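Structure assessment
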Amino acid sequence: MAKISKSADPQLLEKIWQERVDLSQRFASTSTGVRNPLHKLMEDFEDFFVSLGWTVELGPEVEAEWFNFDSLNFAKDHPARAMQDTFYISHAENVFGDQQPAYSSQPTAANSLKEENNLQKTEDSLRYSADNAFGSNTRGDSDLPPAACRLPSDEPIPNPQFPITGNEASNMVLRTHTSPVETRSLLKKGAPIYMVAPGQVFRTDELDATHTPVFHQLEGLVIDRDITMAHLKGTLDYLAKYMFGRDTKTRFRPSFFPFTEPSAEMDIWFEAKKGGAGWIEWLGCGMTHPNVLRSAGIDPEIFRGFAFGIGIERTLMFRHNITDMHDIVEGDIRFAAQFGVAQ
Amino acid sequence: MPRVDLQWLGEHVELPENLTAEELAQALVKVGIEEETIHSAGIAGPLVIGQVKQFERETHSNGKTISWCQVDVGEPELRGIVCGAPNIRADQKVVVALPGAILPGGFEISARKTYGHISDGMICSERELGLSDEHEGILDITETDAAIGSDAKAFLGLNYQVLEVNITPDRGYEYSYRGIGREYHHSTGAKFIDKVSELKTCVPAVSDSAFQVILDDQAPIRDVLGCNRFATRLVEGVDPQAPSPKWLQDYLTRSGMRSISLAVDISNYVMLDLGQPIHCYDYETLFEPIVVRRAQAGETLVTLDNQERTLDPEDLLITDSPSGPGSRIIGLAGTMGGLDTEITDSTSKILIEAAYFEPVTVARTAKRHKLPSEASRRFERGIDTDLQAAAAQLCVDLLVKYGGPNVQVSNRVGDINIQVPAAPVTFNPAKVQTVLGLNLPATQIQSILEDIGCHLTADNRRLKTDNWLMTTPSWRPDLRIDEDFLEEIARIVGYDQIGLEIPAPHFSAEAYPGLTKRQRAVRHLSNSLSANGFTEVITYPFVGRKTLSNLTIDPADPRSYLVKLANPLAGKKSYLRSELLQTLLDTVQHNVFRDNTNLRLYEIGHTYLADPNSALQVPDLPAGVPPTEAQLAEINAGLPAQPLKLAGVLHGETLTKTPISAARSIDWTAAIELLPILESALHKKLHLVQTDDSRQTTADRSVVDVRRSADVSAHSVQDLAVTNSNADADSAELVARRYSQISPFHPTRVAAISTSTKIIGVIGELHPRVCKNLHLQAHTVAFEINLSGWLIDQGSEFFSVQPLSRYPAVKQDFSFLAPADLPVHLISDRITQLLPDELESLTLIDIYQGERISEGLKSVTYSLKIRSLNQTLNPEQIEKIRARIIGELNIDGVRLRD
């Protein structure tokens, strides 16, 4: 058999010629699948940090306010705790039940309830008046005073019939960032810790071209004995080069977050920026505030560290020139398909 | 956000000549003030001074009269320009936009043909230049000394640039030109001009005849007085009609405020300039004394915006005393004044108030009454505690200067001050090295701290101690702990001076790095599904009543018991899903509506399940101390269970029409085909078990009820860092909460997905009614699997690998006749049981019902691959095996087909 050659067997040669087919035709396929680009990107981030020897930590999405805010040094009057930014959990009920009044359109009611609750506590006085969490998907409105919300001005006034009283407040929110996983992990594992916390987070932003009420974030935390701000800068500069290419330039600007001091925002130099190359804000970061460590039972005189938060949607938009958030969140398969097979 | 006019800023810091807004932005961003945008007059390109040399009036057929002008714009040749304005005359000096110019609103000027001429530019009106609304005629500047051909933008003051910036909420003092000026100084070293120190030297002594003010806060919030400083000045004889000077109007306009009247403009000017909100009262309407007090329940106030507001006992009020002290409310402290004492166009005697109101009080009042104002914005962030008298002085000075010829400053100077002097704070300079990683000499650290306004005590100036004792500036309430000062030092030295290092974690046995097995298992699952043609989606977890009723989930179903949001997005779904399919099917529908009909979608996400037997509540704990074990347990027990789940939907065609195949639509068979994919993705042997499988007791398998499967999928141990009281799948309550339904599935085309020990999910065709409700193709297949609790277990990781036989295999086909309604797995299960050693694989290759088979029966054909581990099977042994299968099958009504 092995001796067959073209010249030796004209019959076989003829047969082979007869068997010629068209391999250039393409058949439609129903079996091309693809991972969601956000999850894939999140895994890419995870892999980067795992390669540095860090761990990946997870936490619940419906979270205690204490973890989402208090443990992270958000003062009780911090506007980020206001209804305009945070989804508060009311209670549980049968969705078809008729025993419950229809009050779902009265967001201020629970707000006033929160406030009542706050009165009973002695906490830090208010010093800040803006939403200041890492990796916000919101830009430019950090100055909006709490009342300048995007709700219509004729929104109903608090309903005295609102079924929950102060004592019955759930004290739960849909987490507004994955930062509460910091506190959870520190409580569970103690220091030193090198971790990232990827996950879904929630803010009361209406879906538009640049905002979505449900988005993804990667929080990072390092707590150890000899950590300096140079470690923060080095790690994130390295990360930027991993994500956007070896030539990526970074810039750190002073900023403010309740849970870090000093705080910074990191910009990356973006060649493809609309209107010409320039710096774009990529992430928020800083040296972990001593109060955050105290809330997690870590002695800030012995340990310190840094934290950062990255918006995954934002990163995806930069990397792939996506201009409309709708394309990312709607689940149209034509969007994800582009990430399956590159041109 | 604040707007920074470059000219105005120059009053507080020495700016380089020709500084651009871009350069200013670059300097400010270094110290933490972010550029929002740059505003300008909106004029670009050539805008020059011209002179009309000659013109001809022409009346055209449309009745319009135009002028055909020859205009000198400083070029060798005159330009021909068509102009429709009636006030054109010879030798008139005008402003000309030449081709290439862009006027406000993006109006581009080009040479174009009109009324029979080529108009080579445009002669501009005030409105066209954005100067005013004047558009009756062109702007006539004949009476000025503007040079022909020179740049008109400079002449008209249209070269200005305004930088709008973002201020971080910890730095209230940057809400003023003074504060921005100081920051520019910190960034560049340019000389800061301390206007306030100068003003302070001009403030007269407080007089006994001062307007009487009583600070009477009986209910301070958190023991902090709502008002601890209240300065008043009185100015008489102000001309109510005196206009604001042009510069003041321009300053305010460029800073984003409207010019209103002299007194109001001056108070706004002082607020923007120094950061101290000012309130001006019409003195004649006031009844002494002013009392600053909290509201009583039920009190109301009509604010300047003509709204009547019901006050809260927490609101801090400015009141006066027409019928007893504090009897009339004249303003919400720091937020908004009242109508009764407002400055009017006849006010000539003005009482100026410059007070310090405490941030929490003002923030809550502004929020409560939805009254954000420029004043409240500043008070909320904490204003300078020692600025009041100086700011009032600046107000007085400006009223005197611009308030007309009869202005007189009253000697009734008031300044109630009950502030407690701030205690000195300590700073540990060693932390500059250990926290920032900056190696700075102590003298440099000291000079930075002093530059931001700190004062080291005399002893500490020698810098010998570990902790420096110092006072902080009155405008920086945010400076309290070491870290606050570290940020100051870092940003003033420059964040770019800090090096780049990558920390190396220590490894320990307990905290080994890398993904956990569970994390890897979830990745494997997701990668497997996508490799098998599934597209991963992420859906919003919000559902409403309609979501569940579309899926025919009924009110008695525990899945109807949902976690509710207190503040859902307007008009949106206000509950959290109890199953993934509830939201995944929305995305399926969305795709179908967009004509993406061949779909295999999956989602891996969380669901949210509350325990109906206890209130959805967790304790509220104090910040700054770690929770006790018990408190932590209470929090975790109080959160809803949030199991991680996998759901998938198959819709449309599983095979499309191609030259080599016919189309095939999705139906229940897809569920069977999916099983090996799920097995490989979940790394687990799985079975599909139907509810109505009455005979399954004869097989070696536990009885399962598909209802129970739904139960398990809804309630199982979550895998996150939460353990939950209602997550115990075996609790009595949960048994009582078993599903009564199997919505949204087709009742006879649904099966439980089971491992050898437990039900993990459900798969099947959707109920025809559900497909109709959602406008999906009939026979759409869906599945949902709970991943929590079982995904990683000992068994899946440390399973034993079977040794491989080196002997040849024998293939044997068997056809059985069986009752038509018999589940065929009973036969294969039995065969597998009968041949524990020799059976390598068993494949169902045919099921036949038809003319060659008696009514009520079916023929079931299996292909068996038989192989021994120790020997080549001989014909006798093979025959023995056949006989064993035939003889010991023992299933009622099943026999070998002849």
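Before reading on, note that the structure itself is shown above.
In this text, all values refer to a predicted model and were calculated from it rather than measured experimentally.

Structural notes on the overall build of chain B
In terms of regular secondary structure, chain B is built from 24 helices and 43 strands. A burial count over chain B gives 54% of its 898 residues as buried. Considering only contacts within chain B whose residues lie at least 6 apart along the sequence, 71% involve residues at least 24 apart. As presented, chain B carries roughly 39000 Å² of accessible surface, and 50% of it is formed by carbon and sulfur atoms.

Details of the sheet that holds strand 1 (residues 3–5) of chain B
Residues and elements named next belong to chain B. In spatial order, the strands read 1-12-2; together these 3 strands make up an open sheet with antiparallel pairing. Looking at which strands have only one partner, the edges of the open sheet turn out to be strand 1 and strand 2 (34–40). The mean inter-strand angle of the sheet, taken between neighbouring strand axes irrespective of direction, is 30°. For strand 2 and strand 12 (residues 161–166), the ladder comprises 6 bridges, and the chain directions are antiparallel. Considered in strand 12, the bridge of Glu-34 is made with Asn-166. Contacts from helix 2 (residues 21–30) reach strand 1, strand 2 and strand 12 within the one sheet, and its direction differs from that of strand 12 by about 25°.

As for the interface of chain B and chain A
Residue-level contacts link 139 residues of chain B with 139 residues of chain A. Of the roughly 11700 Å² buried where chain B meets chain A, counting both sides, 57% is carbon and sulfur surface. When residues of chain B are sorted by the area they lose upon contact with chain A, B:Lys367, B:Tyr495 and B:Ile538 head the list and together hold 6% of the total. The tally of links from chain B across to chain A stands at 8 salt bridges. A:Glu93 is paired through a salt bridge with B:Lys564; the nearest N and O atoms lie 3.7 Å apart. Joining chain B to chain A, the criterion identifies 49 residue pairs in polar contact (both at pLDDT 80 or more). If you tally residues by element for the side of chain B that touches chain A, the top one is helix 8 (residues 359–368) of chain B, at 7 residues. A class-by-class count of the residues in the side of chain B that touches chain A yields 71 nonpolar, 36 polar and 32 charged.

What to know about helix 6 (residues 246–254) of chain B
Residue and element names in this part refer to chain B. Every buried residue of helix 6 is accounted for by Leu-248, Tyr-251, Leu-252 and Arg-254. Looking at the packing, one finds that the buried side of helix 6 touches strand 1, helix 1 (6–9), strand 12 and helix 7 (262–274). Following helix 6 by one or two positions, Gly-256 has its phi on the positive side, about 90°.

Quick notes on the sheet that holds strand 25 (residues 425–427) of chain B
All names here are of chain B. Ordered in space as 25-27-26, the 3 strands form an open sheet in which the pairing is antiparallel. Across the chains shown, the open sheet's two edge strands, defined by having one partner strand only, are strand 25 and strand 26 (455–456). Pairing of strand 25 with strand 27 (residues 468–471) involves 3 bridges; the strand directions are antiparallel. Opposite Thr-426, over in strand 27, you have Leu-469 as the bridge partner. Where helix 12 (residues 442–451) meets the sheet, its contacts fall on strand 25, strand 26 and strand 27, and the angle it forms with strand 27 comes to roughly 20°. Relative to strand 25, helix 13 (residues 482–493) is tilted by about 60°, and along the sheet it contacts strand 25 and strand 27.

A word on unusual backbone geometry
A cis geometry characterises the amide bond from A:Ala191 onward to A:Pro192, with omega recorded as 0°. Within the fold, A:Pro192 resides in the loop between helix 5 (180–189) and strand 5 (193–202). Residue B:Asn890 is not a glycine yet carries a positive backbone phi of 55°.

So, the pairing of strand 7 (residues 250–257) of chain A
The two faces of a sheet get side chains in turn, since along a regular strand they alternate between them. All names here are of chain A. Within strand 7, 7 of the 8 residues are buried, leaving the element largely enclosed by the surrounding structure. Of the strand pairs in this sheet, strand 7 and strand 8 (residues 260–270) are connected by 7 bridges, and their pairing is antiparallel. Bridging from a neighbouring strand, Phe-252 pairs with Met-266 of strand 8. Between strand 7 and the antiparallel strand that follows it, strand 8, lie 2 residues.

Details of a negative patch on the surface
Residue and element names in this part refer to chain B. Taken together, the side chains of Glu-22, Glu-23, Glu-35 and Glu-36 present a region of like negative charge at the surface. Residue assignment for the negative patch shows that the elements contributing at least two residues are helix 2 and strand 2. With respect to the helices, strands and loops of the structure, Glu-35 is situated in strand 2.

Some words on a nonpolar patch on the surface
A surface patch of nonpolar side chains, amounting to about 190 Å² of accessible area, comprises B:Val302, B:Leu304 and B:Leu339. Locating B:Val302 in the fold gives a position in strand 17 (residues 300–302).

Some remarks on the pattern of salt bridges
Residue and element names in this part refer to chain A. Here the structure, examined in full by the defined rule, presents 60 salt bridges over all chains. With its nearest N and O atoms 2.7 Å apart, the salt bridge here joins Arg-184 to Glu-63. Residue Arg-184 is found in helix 5, and its partner Glu-63 is found in strand 2 (residues 62–64); the two are separated by 121 residues along the sequence. With relative accessibility at 1%, the residue Glu-63 sits in the buried group.

Details of the environment of B:Ser474
Residue and element names in this part refer to chain B. Turning to its location among the elements, Ser-474 is positioned in the loop between strand 27 and helix 13. Put simply, Ser-474 and Asp-386 are 88 residues apart on the chain and 6.0 Å apart in space, counted from C-alpha to C-alpha. Discounting chain neighbours no more than four positions away, the residues touching Ser-474 are Ile-383, Asp-384, Thr-385 and Asp-386. Only 2.6 Å separates the side chain of Ser-474 from the side chain of Asp-384, close enough to count as a polar contact.

Here we look at the nonpolar core
With 68 residues, the main nonpolar core has A:Trp282, A:Phe308, B:Phe427 and B:Leu449 as its most contacted residues. Here the element with the most residues in this core is helix 6 (residues 229–244) of chain A; it accounts for 7 residues. Here A:Trp282 is in contact with A:Phe45, A:Leu239, A:Ala240, A:Met243, A:Phe244, A:Met266, A:Asp267, A:Ile268, A:Ile310, A:Arg314, A:Thr315 and A:Phe318, once residues within four sequence places are set aside.

Side note on the packing of aromatic side chains
All names here are of chain B. Per the stated rule, a full pass over the model turns up 33 aromatic pairs over all chains. Each ring, one from Trp-247 and one from Tyr-269, has its centre 5.5 Å from the other, and the planes form 80°; the classification is edge-to-face. Placement of Trp-247 in helix 6 and of Tyr-269 in helix 7 is noted, with a sequence separation of 22 residues between them. Taking the centre distance of 6.2 Å and the plane angle of 65° together, the rings of Tyr-540 and Phe-542 count as edge-to-face. On the basis of relative accessibility, which here comes to 23%, the residue Tyr-540 falls in the partly exposed class.

Here we look at the packing of helix 6 of chain B against helix 7 of chain B
Residues and elements named next belong to chain B. Put simply, helix 6 and helix 7 touch, their axes get as near as 10 Å, and they point 55° apart. By the criterion of interaxial angle, the relationship of helix 6 to helix 7 is oblique. The two elements helix 6 and helix 7 cross, and the hand of that crossing is left-handed. Contacts from Trp-247, Leu-248, Tyr-251 and Leu-252 of helix 6 reach helix 7 at Asp-265, Ile-266, Asn-268, Tyr-269 and Leu-272.

What to know about the packing of helix 7 of chain B against helix 10 (residues 388–402) of chain B
All names here are of chain B. Between helix 7 and helix 10, the least distance of the axes is 10 Å, while the angle of their chain directions is 140°. The orientation of helix 7 with respect to helix 10, classified from their angle, is oblique. Read as a crossing pair, helix 7 and helix 10 show a hand that is right-handed. Along the contact surface, helix 7 presents Leu-262, Ala-263, Ile-266, Ser-267, Tyr-269, Val-270, Asp-273 and Leu-274, while helix 10 presents Ala-391, Leu-394, Cys-395, Leu-398, Leu-399 and Tyr-402.

Points about helix 2 (residues 37–51) of chain A
Residue and element names in this part refer to chain A. The end-to-end C-alpha distance of helix 2 is 21 Å, a good match for the 21 Å that 15 residues give at a rise of 1.5 Å each. Taken together, the buried positions of helix 2 are Pro-37, Leu-38, His-39, Leu-41, Met-42, Glu-43, Phe-45, Glu-46, Phe-48 and Phe-49. Where helix 2 starts, the residue carrying a side-chain oxygen 2.8 Å from the main-chain nitrogen of Leu-38 turns out to be Asn-36. Gly-53 sits one or two positions beyond helix 2 and adopts a positive phi of about 95°.

Some words on the pairing of strand 12 of chain B
Residue and element names in this part refer to chain B. The buried count for strand 12 comes to 5 of 6 residues, which makes it a mostly enclosed element. Examined bridge by bridge, strand 1 and strand 12 share 3 bridges and lie antiparallel to one another. Among the inter-strand pairings, Val-4 is bridged to a residue of strand 12, identified as Leu-163.

Quick notes on the rules
Residues numbered from 1 in each chain as written. Chains lettered and ligands numbered in written order. Predicted model: local features only at pLDDT ≥ 70, side-chain atom pairs only at ≥ 80, totals over all residues. Heavy atoms only, no water. Helix = DSSP H or I, 4+ residues; strand = E, 2+ residues; numbered from the N terminus. Buried < 20%, exposed > 50% of the residue type's maximum accessible area, 1.4 Å probe, protein only. Contact = heavy atoms within 4.5 Å. Areas by Shrake-Rupley, 256 points an atom, 1.4 Å probe, with all protein chains shown as cover. Pairing = 2+ DSSP bridges. Axes fitted to C-alpha atoms, helices over the stretch in contact; angles between N-to-C directions. Buried area = accessible area lost by both parts, 1.4 Å probe. Salt bridge = Lys/Arg side-chain N within 4 Å of Asp/Glu carboxyl O. Polar contact = N/O pair within 3.5 Å; in protein donor to acceptor, adjacent residues only side chain to side chain. Nonpolar A, V, L, I, M, F, W, Y, C, P; charged D, E, K, R; others polar. Patch = residues over 30% accessible without salt bridge, like charges linked within 9 Å, V, L, I, M, F, W, Y side chains within 5 Å. Lys, Arg positive; Asp, Glu negative; His and termini not counted. Charge placed at Lys NZ, Arg CZ, Asp CG, Glu CD. Core = buried A, V, L, I, M, F, W, Y, C linked by side-chain atoms within 4.5 Å. Phe/Tyr/Trp six-rings, centres within 6.5 Å; stacked < 30°, edge-to-face > 60°. Parallel < 35°, antiparallel > 145°, perpendicular 65-115°, else oblique. Left-handed = near helix turned anticlockwise from the far one by under 90°. Expected span 1.5 Å × (residues − 1).

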